[in-house]
Amino acid sequence: MGMRKRVTSSSPCLLFLFFFFSLVLLGCPSLGHPNYKDALAKSILFFQGQRSGRLPTGQQITWRSNSGLSDGSLAHVDLTDGYYDAGDNVKFNFPMAYTTTMLSWGTLEYGKRMGPEIKNARAAIRWATDYFIKCATATPNTLYVGVGDPTTDHKCWERPEDMDTARTVYSVSASKPGSDVAGETAAALAVASMVFRKVDPKYSRLLLATAKKVMQFAMQYKGAYSDSLGSAVCPFYCSYSGYKDELLWGAAWLWRATNDASYLNFLQTLGANDATDIFSWDNKLAGARVLLARRTLVDNDKRFESFKQQAEDFMCRIIPNSPSTSTSYTQGGLMFKLAESNLQYVTSITFLLSTYAKYMSASKYTFNCGNVRVSSSTLRNLAKQQVDYILGENPLKMSYMVGFGANFPKRIHHRGSSIPSKASHPQAFGCDNGFQSFFYTSNPNPNTLTGAIVGGPNQNDGFPDDRTDYSHSEPATYINAAIVGPLAYLAGSYSS
């Protein structure tokens, strides 16, 4: 208090200088804004904590070690690498592919604003795409779509390095189709091919060739992977929205990557016209419409006018003061869609707000939601509000990104983070041994999963920071992947 009194008695110039340098020392790059560059770096670093396989020498999250080195062996193929989806030790390709698509889309749109982080973003993408290439090419007419029995895995609380549960291999084929998981995998490979087009042309060509092959499989053998695989993916990652949205999404990305009119002709015959107010690993309609609307907004191609109208219908269902809004907001200003892992919807929708705003800016375009005029600034301001809430500008002053800010979740629902590392405890913990000592305890996790964004607060802006409450305390790759793009935009817009 004494120092504050002395400063207030000084000249206005000295007061400003003191305030400015205090903010710099605290890591605030711009007055009144979170440190977006720090958040961007940490949001990408998180993926290192989710890696499966043999870790590279440059691994920065050092409490993790090699794991899943025999993945695929039960099917006599190599399915190592890829990512564990969330706080467990299973590789679910459906959400992993969505994660990769969103991380790649963010890098494609905002890479110039990422600075040195673009190399880390590419590395995070490649850890997944190398795995998807194996999944798509190991066996003819087969797409591998997951490793690890989710039912037995979820009965254990053990480090990925200690896994002793069945590493069952799951696949789709002509007789057991999976248009949804195949369409999403094709989308991931296609957009990643554009990310690597200039920096690694040979790898880019391999990605695109594999994307075409997988998309052909998705289009030719139609069916939901949930029907083919049952309890191997449900209720964990059922394709609740069906597979038409993934066919639209995959074809849209192949069209953008190739300009091959056959993909445009295909997506125009799908009839995927349902209205939506959600965007997630399950439902891709809104994302596909925003992507296709780009052709009208940026390239002035009127063939995509209907997709632009559908994209704007989606935006009008999200904007809080729109007469057609169907989206709730908490008292603290957070978009609230569903009680379980709500931030997954917030980050994905925030990406679409930011990116549609970018496309609108190209032609200084505006549209109306009833009598409400919507500009690119309208969407960007709403997107920024959501990002800022996640980073700590909320009633609890809680950052929902682990390791960012002074106050963040300490008891996240994550096996590797909650159990002592192999370096500190070389002996293995068995399947059941982790529950009493590490799952049910109120002690903070011993390992910090830097950059992880958890499921988030409830509809009353409350957050218990309870490891057993997976709906709010579990991080996931697809939560993080979608926020990388908006963070990159903000980091480039609000730098010091």
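Treat the numbers as computed from the prediction; the structure is a model and nothing was measured.

Enquirer: Tell me what's going on with the sheet that holds strand S2 (residues 142–147), and back it up with residues and numbers.
Expert: Read across the sheet, 3 strands follow the order S1-S2-S3 without closing on themselves; strand pairing throughout is antiparallel. Of all the strands in the sheet, the pair left with one neighbour each is strand S1 (91–92) and strand S3 (169–173). Across 2 bridges, the pairing between S1 and S2 is antiparallel. Looking at S2, one finds that phenylalanine 92 is bridged to glycine 146. Sitting on the sheet, helix H5 (residues 117–137) touches S1 and S2, and the angle it makes with S2 is about 130 degrees.

Enquirer: Before we move on, can you summarise the state of the cysteines with the specific residues and values?
Expert: Evaluation of the coordinates by the stated rule reveals 3 disulfides. Across a sulfur-sulfur distance of 2.0 Å, cysteine 156 and cysteine 431 are joined as a disulfide pair. One disulfide, between cysteine 156 and cysteine 431, carries an S-S torsion of -90 degrees and so falls in the left-handed class. Separated by 275 residues along the polypeptide, cysteine 156 in the loop between helix H6 (150–153) and S3 and cysteine 431 in the loop between helix H16 (415–418) and helix H17 (433–439) bring together distant segments of the chain. Each disulfide in the protein chain links cysteines that, numbered along the sequence, combine into the pattern 1-6, 2-3, 4-5. For the unlinked cysteine cysteine 135, the closest cysteine sulfur is that of cysteine 234, found at 19 Å. What makes cysteine 135 buried here is its relative accessible area of 1%.

Enquirer: Lay out the pattern of salt bridges in plain terms, naming residues and giving numbers.
Expert: Applying the stated criterion to the full structure yields 21 salt bridges. For the salt bridge of arginine 317 with aspartate 313, the shortest nitrogen-to-oxygen distance reads 2.8 Å. Within this pair, arginine 317 and its partner aspartate 313 are both found in helix H13 (residues 305–318), separated by 4 residues, close to a single helical turn. A single salt-bridge network, built from bridges that share partners, covers Asp71, Lys91 and Arg167.

Enquirer: Please set out the packing of helix H4 (residues 93–110) against helix H10 (residues 244–258) residue by residue, giving values where relevant.
Expert: Following both chains from N to C, one finds H4 and H10 inclined at 35 degrees, their axes separated by 13 Å at the closest point. For the crossing formed where H4 meets H10, the hand is left-handed. Seen from H4, the contacting residues are Phe94, Thr101, Met102, Trp105, Leu108 and Glu109; seen from H10, they are Glu246, Trp249, Trp253 and Arg256. Split by residue class, the contact of H4 with H10 holds 6 nonpolar, 1 polar and 3 charged.

Enquirer: Lay out the nonpolar core with the relevant residues and their values.
Expert: One finds Trp105 and Tyr356 to be the most contacted residues of the largest nonpolar core, which totals 151 residues. Apart from residues no more than four positions distant in its own chain, tryptophan 105 is found in contact with Val191, Trp249, Trp253, Arg256, Gly287, Val290, Leu291, Phe351, Leu352, Thr355 and Tyr359. Core analysis: the next-biggest nonpolar cluster, separate from the first, contains 6 residues, Trp157, Phe429, Phe438 and Phe439 among them.

Enquirer: Give me the lowdown on the pairing of S3, citing residues and values where you can.
Expert: Taking burial as the measure, the 5 residues of S3 include 5 buried ones, the bulk of the element. Because side chains alternate across S3, one face comprises the buried residues Val169, Ser171 and Ser173, and the other comprises Tyr170 and Val172, equally buried. Alignment of S2 against S3, held across 5 bridges, turns out to be antiparallel. Each bridged residue has a counterpart across the sheet, and for valine 147 the counterpart in S3 is valine 169.

Enquirer: How would you summarise the packing of aromatic side chains if you had to cite specific residues and measurements?
Expert: Under the counting rule described, the total for this entry stands at 32 aromatic pairs. Arranged with centres 5.2 Å apart and planes meeting at 65 degrees, the rings of phenylalanine 46 and phenylalanine 47 form a pair that is edge-to-face. Across the pair, phenylalanine 47 and phenylalanine 46 agree in class, each one buried. Members of the aromatic cluster, joined through ring pairs, are Tyr98, Trp105, Tyr110, Trp249, Trp253, Phe279, Phe351 and Tyr489. Above the face of the tyrosine 494 ring, lysine 384 is positioned so that its terminal group lies 5.3 Å from the ring centre.

How each quantity is defined
- Residues numbered from 1 in each chain as written.
- Predicted model: local features only at pLDDT ≥ 70, side-chain atom pairs only at ≥ 80, totals over all residues.
- Heavy atoms only, no water.
- Pairing = 2+ DSSP bridges.
- Helix = DSSP H or I, 4+ residues; strand = E, 2+ residues; numbered from the N terminus.
- Contact = heavy atoms within 4.5 Å.
- Axes fitted to C-alpha atoms, helices over the stretch in contact; angles between N-to-C directions.
- Disulfide = S-S within 2.5 Å.
- Buried < 20%, exposed > 50% of the residue type's maximum accessible area, 1.4 Å probe, protein only.
- Salt bridge = Lys/Arg side-chain N within 4 Å of Asp/Glu carboxyl O.
- Left-handed = near helix turned anticlockwise from the far one by under 90°.
- Nonpolar A, V, L, I, M, F, W, Y, C, P; charged D, E, K, R; others polar.
- Core = buried A, V, L, I, M, F, W, Y, C linked by side-chain atoms within 4.5 Å.
- Phe/Tyr/Trp six-rings, centres within 6.5 Å; stacked < 30°, edge-to-face > 60°.
- Lys NZ or Arg CZ within 6 Å of the ring centre and 35° of its normal.

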